[in-house]
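Given next are the chains, with one letter for each unit.
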Amino acid sequence: MQLAPLPVVIPLAVAAALAAIGSFLPRRVLDAIALATSTTVLIVCIVLTRKSSGGVIVYWFGGWQPAAHSRFPVGICFMIDPLSAGLASFVCLLVLASFTFSWSYFESVKALYQVLMLVFLAAMCGLCLTGDLFNMFVWYELMTAAAVALCGYESEESQSLQGALNFAVTNTVGAFLSLSGLALLYAFTGSLNMTELGRTLVENPPSRQFVLVTFLFVIAGFLVKAAIFPFHFWLADAHAVAPTPVCILFSGVMVELGLYAIARIYWLIFADVPVPLQDAIRTTFLIAGSATAVLGALYCFGQRHLKRLLAFSTISHVGLMLIGFALLNPRALTGTAIYVIGHGLIKAGLFIGAGILLHRFGTVDEYDIRGQARVILPIGVMMVIGAWGLAGLPPFATFFGEKLIDRVSVESHVWWLSFVIFIAEVLTAGAVLRFTARSFLGWGTRALNYFAWRTTYPDGW
Amino acid sequence: MQLPASHAVLDFSGYAVAVWLFLIGLYGIVSSRHLVHLCLSLTVVQASTYVLLVIIGYRPGLPAPVFTDGVQPGSPAVDPIVQALMLTDIVVEATVVALLLAITVRIHHSAGTADPKEVDMMRG
């Protein structure tokens, strides 16, 4: 039996069935079905990861495979390599964690929640595995639609809904830029398959301007999704208002998928094109990544609302991941992949902590909670461990990822990157520690401190 | 085949229209004072991608890719792939716009206004 399409087919089929009959089922049955589905998909993805380590698996949908040099080279494929299948497994793992947490987090939940989460899961897996540029755009949009609906889920607050609206509009405009870019690529090459596109561009290289313009257009949408400076403003709003189990997915993997898509597009299509492109990309992305890392860390330190604080910390760490990509080096990319896994798990833990605080005290403002959280001290210990991981200290995966990125940056003579990584890690970890100390131990001042001047909306950045 | 000059103009104007629609839609989104207006501005931006896709597949003087009587299968026609992409694009964006309008209705319901600036002020 073909396993390749299952990570997308299973959740979509279950979601459709739940949408049809879900309202007749009791809540625990819905939860159990959702958990079982995400576990199944996780197992399928792990099996695919193992199988693909022997060689890339290519699956053509409907058996519609383009013949070599045919006049009509069309077909949509999944191209499964260890990196894409591994990332899909990680997506499933976080969705599983998220479903487990929402088992007792939501007091009441309708079938719609599970349906949207499963569609979200399918879209993220599809984005990981696809080998077709237009297909990638479709998964991206499906992911955005599901994420927006989850972001405004069961909320009648205009605040929450406005966050969802900003999220949808910015991401959709980005998606249109990507679509325009891929249309231009298609106009030049007559193909949409990423491997085929890469081959065509190598065989008849276009001008440098064309390559640069189409590359920037195609990745624009994914830069918005990855919340890279200056496209980061939607992320903190979306995180602050989304239900906590959804935040786990937003921070843990959705944002990172934007970077993954950029890396995949670059390596499959543009990496071997014989035009001088690498220096421009390296410089631009190193600067953008560093700006994102430092600014995100500064804003992170200035927050008193825990979910917002963690959202800005995500922006900062995505900046570090962009640096890992921008070095355009396989070892740095390995480091980035390790970092993504480590960061995703740590952020999931921290958001679960935030969810527990919110559930218990009805607020995640460190001045409002101040000292009260002493009664649930184990959560505080968990948050300190999380801060330890965010700081990139051993034995966390972030340490090993960061060390690889750091070493490659020293070898590439970009010495100042070490400082950027240092600042980002110290400030984000420090912010989490400060929050923990004030809300669990009652340390610090009662009054507003200097950094807390940006407390609620509007904090534009 | 020597093309008449008007085809070159048509070719260029298609791209110009796409760019114009994108920019004017973006301006509408940024300057919007009503959320429904904002959603419709987004559909204007979206229309630019339709125009772009169709103009890319356009071949001067060739028929539509409908191979019935008179047009032999396999004979040159306008590129059907970009038209399929455009249809998919329409479906995807219809979903997003429907979602946005639903959110707008709920914002108006809870905030009593659909002006983004006033909704922002209520939060701050």
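What counts, and where the lines are drawn
- Along each chain, residues carry numbers from 1 onward, in the same order as the chain's sequence is written.
- The lettering of chains begins at A and the numbering of ligands begins at 1, in the order of writing.
- The predicted origin of the model limits local features to residues at a pLDDT of at least 70 and limits the giving and counting of side-chain atom pairs to 80 or more, whereas totals for whole chains, interfaces and linings rest on all residues.
- Helix and strand labels come from DSSP, where a helix needs a run of H or I of at least four residues and a strand needs a run of E of at least two; each type is numbered from the N terminus.
- Here the C-beta atoms are placed from the backbone, and a residue counts as buried if at least 20 other C-beta atoms lie within 10 Å of its own, exposed if 12 or fewer do, and partly exposed otherwise.
- Residues are scored as being in contact if the C-beta atoms we place from backbone atoms lie within 7 Å.
- Note that the radius of gyration is over C-alpha atoms, with the globule rule given as 2.2 Å times the number of residues to the power 0.38.
- Put simply, Ala, Val, Leu, Ile, Met, Phe, Trp, Tyr, Cys and Pro go in the nonpolar bin, Asp, Glu, Lys and Arg in the charged bin, and everything else, Gly too, in the polar bin.
- Axis geometry follows a simple rule: fit a line to the C-alpha atoms, using only the stretch in contact for helices, then measure angles between N-to-C directions, giving values from 0 to 180 degrees.
- Angular relationships are summarised with four words: roughly parallel below 35 degrees, roughly antiparallel beyond 145, roughly perpendicular across 65 to 115, and oblique for the angles in between.
- Take the far helix as your reference; a near helix turned counterclockwise from it by less than a right angle gives a left-handed crossing, and one turned clockwise gives a right-handed crossing.
- Here, a nonpolar core denotes buried Ala, Val, Leu, Ile, Met, Phe, Trp, Tyr and Cys residues that are linked to one another through C-beta atoms within 7 Å.
- The pLDDT score gives, residue by residue, the confidence of the prediction method on a 0 to 100 scale.

Student: Sorry, what's going on with the overall build of chain B here?
Tutor: Along the backbone of chain B there are four helices and zero strands. The order of helices and strands in chain B, counted from the N terminus, is α-α-α-α. Relative to its full complement of 124 residues, chain B shows a buried share of 27%. Long-range pairs, those at least 24 residues apart, make up 52% of the contacts in chain B with a sequence separation of at least 6.

Student: I would appreciate a short explanation of the overall build of chain A in the present structure.
Tutor: Of the regular secondary structure elements, chain A holds 17 helices and two strands. Over its C-alpha trace chain A gives a radius of gyration of 22 Å, about what one expects of a compact globule, namely 23 Å for 461 residues. In terms of principal-axis extent, the alpha carbons of chain A reach across some 70 × 60 × 40 Å. Within chain A, the proportion of its 461 residues that are buried is 57%. In chain A, 80% of the contacts between residues at least 6 apart in sequence involve partners at least 24 apart.

Student: When you look at the interface of chain A and chain B in this model, what are you seeing that I'm missing?
Tutor: Quite often, the size of an interface is put as the accessible area lost when its parts meet. Of the residues lining the interface, 29 residues belong to chain A; the matching set on chain B comes to 30 residues. Looking at the side of chain A that touches chain B, the elements that each hand over two or more residues are α5 (133-151) and α6 (158-189) of chain A. Sorting elements by how many residues they give to the side of chain A that touches chain B places α6 of chain A first, with 16 residues. Here the residues of the side of chain A that touches chain B are counted per class, giving 19 nonpolar, seven polar and three charged.

Student: I keep staring at the packing of helix α3 (residues 82-105) of chain A against helix α4 (residues 111-129) of chain A and nothing clicks. Help me out?
Tutor: Between two packed helices, both the angle of their axes relative to each other and the distance between the axes serve to describe the pair. All names here are of chain A. It is the contact of α3 with α4, at a shortest axis distance of 8 Å, that shows an interaxial angle of 165°. Relative to α4, the element α3 lies roughly antiparallel. As α3 packs across α4, the resulting crossing turns out to be right-handed. Along its contact with α3, which presents Ser 84, Leu 87, Ala 88, Val 91, Cys 92, Val 95 and Phe 99, the element α4 presents Met 117, Leu 121, Met 124, Cys 125, Cys 128 and Leu 129.

Student: Would you explain the environment of Leu 192 of chain A in this entry?
Tutor: Residues and elements named next belong to chain A. With respect to the helices and strands, the residue Leu 192 is situated in the loop between α6 and α7 (194-203). You can call Leu 192 buried: it has 25 C-beta atoms within 10 Å. Along the chain, Leu 192 and Lys 403 lie 211 residues apart, while their C-alpha atoms are 37 Å from each other. Leu 192 has contacts with Asp 132, Leu 133, Phe 134 and Tyr 186, leaving out every residue within four places of it along the chain.

Student: Which parts of the structure should I look at to understand unusual backbone geometry?
Tutor: When glycine is set aside, most residues are seen to have a negative phi, and most peptide bonds are trans. Residues and elements named next belong to chain A. Following Phe 229, the chain continues into Pro 230 via a peptide bond in cis, with omega recorded as 5°. Here the residue pair Pro 394 and Pro 395 is connected by a cis peptide bond, since its omega of 10° sits within 30 degrees of zero. On the secondary structure map, Pro 395 appears in the loop between α15 (377-390) and α16 (397-411). With a phi close to 50°, Leu 328 is a non-glycine residue in the positive phi region.

Student: Looking at this structure, I do not really get helix α9 (residues 233-241) of chain A. What am I missing?
Tutor: Side chains of residues three or four places apart in an α-helix project in the same direction, reflecting 3.6 residues per turn. Within α9 of chain A, eight of the nine residues are buried, which leaves it mostly tucked inside the rest of the structure. Taken together, the buried positions of α9 of chain A are Trp 234, Leu 235, Ala 236, Asp 237, Ala 238, His 239, Ala 240 and Val 241 of chain A.

Student: Which parts of the structure should I look at to understand the nonpolar core?
Tutor: Side chains of nonpolar character tend, in soluble globular proteins, to be buried together. Residue and element names in this part refer to chain A. With 198 residues, the main nonpolar core has Val 91, Phe 120 and Met 124 as its most contacted residues. At 18 residues, helix α10 (residues 244-270) tops the list of elements feeding residues into this core. Sequence-distant contacts of Val 91, that is, excluding residues within four places in its chain, are made with Leu 121, Met 124, Cys 125, Cys 128 and Val 253.

Student: How do you make sense of the environment of Leu 93 of chain A when you look at a structure like this?
Tutor: All names here are of chain A. Here Leu 93 shows up in helix α3. Given 21 C-beta atoms within 10 Å, Leu 93 falls into the buried group. Spatially, the C-alpha atom of Leu 93 lies 24 Å from that of Val 432, the residues being 339 residues apart in sequence.

Student: What should I look at first to understand the confidence of the model for chain B in this one?
Tutor: Detail in the predicted coordinates should be disregarded across regions flagged by low pLDDT. All names here are of chain B. Across chain B, the average pLDDT comes to 81, with 85% of residues at or above 70. Element-level mean pLDDT values for chain B span from 65 in helix α4 (residues 116-123) up to 91 in helix α2 (residues 35-57). Contacts from residues 1-6, a stretch scored under 50 in pLDDT, to residues over four places away or in other chains number two contacts. Both scores are given for the predicted complex: the pTM is 0.90, the ipTM 0.87.

Student: Before we go on, may I ask you to explain the packing of helix α1 (residues 6-21) of chain A against helix α2 (residues 27-52) of chain A in this structure?
Tutor: Residue and element names in this part refer to chain A. Put simply, α1 and α2 touch, their axes get as near as 9 Å, and they point 170° apart. If you check the angle between α1 and α2, you find them roughly antiparallel. The segment α1 lies against α2, with Leu 6, Pro 7, Ile 10, Pro 11, Val 14 and Leu 18 engaging Leu 30, Ile 33, Thr 37, Thr 40, Val 41, Val 44 and Cys 45. Considered class by class, the residues forming the contact of α1 with α2 number 11 nonpolar, two polar and no charged.

Student: Got a minute to help me understand the environment of Met 383 of chain A in this structure?
Tutor: Residue and element names in this part refer to chain A. By secondary structure assignment, the location of Met 383 is in helix α15. Separated by 46 residues in sequence, Met 383 and Ala 429 place their C-alpha atoms 10.0 Å apart. Among residues more than four places away in sequence, those in contact with Met 383 are Leu 350, Gly 353, Val 432 and Thr 436.

Student: Just to check I follow, could you spell out the confidence of the model for chain A for this structure?
Tutor: On average, residues of chain A carry a pLDDT of 86, and 93% of them reach 70 or more. Contacts for the low-pLDDT stretch residues 450-461 of chain A, under 50 throughout, to residues beyond four places or in other chains number 17 contacts.

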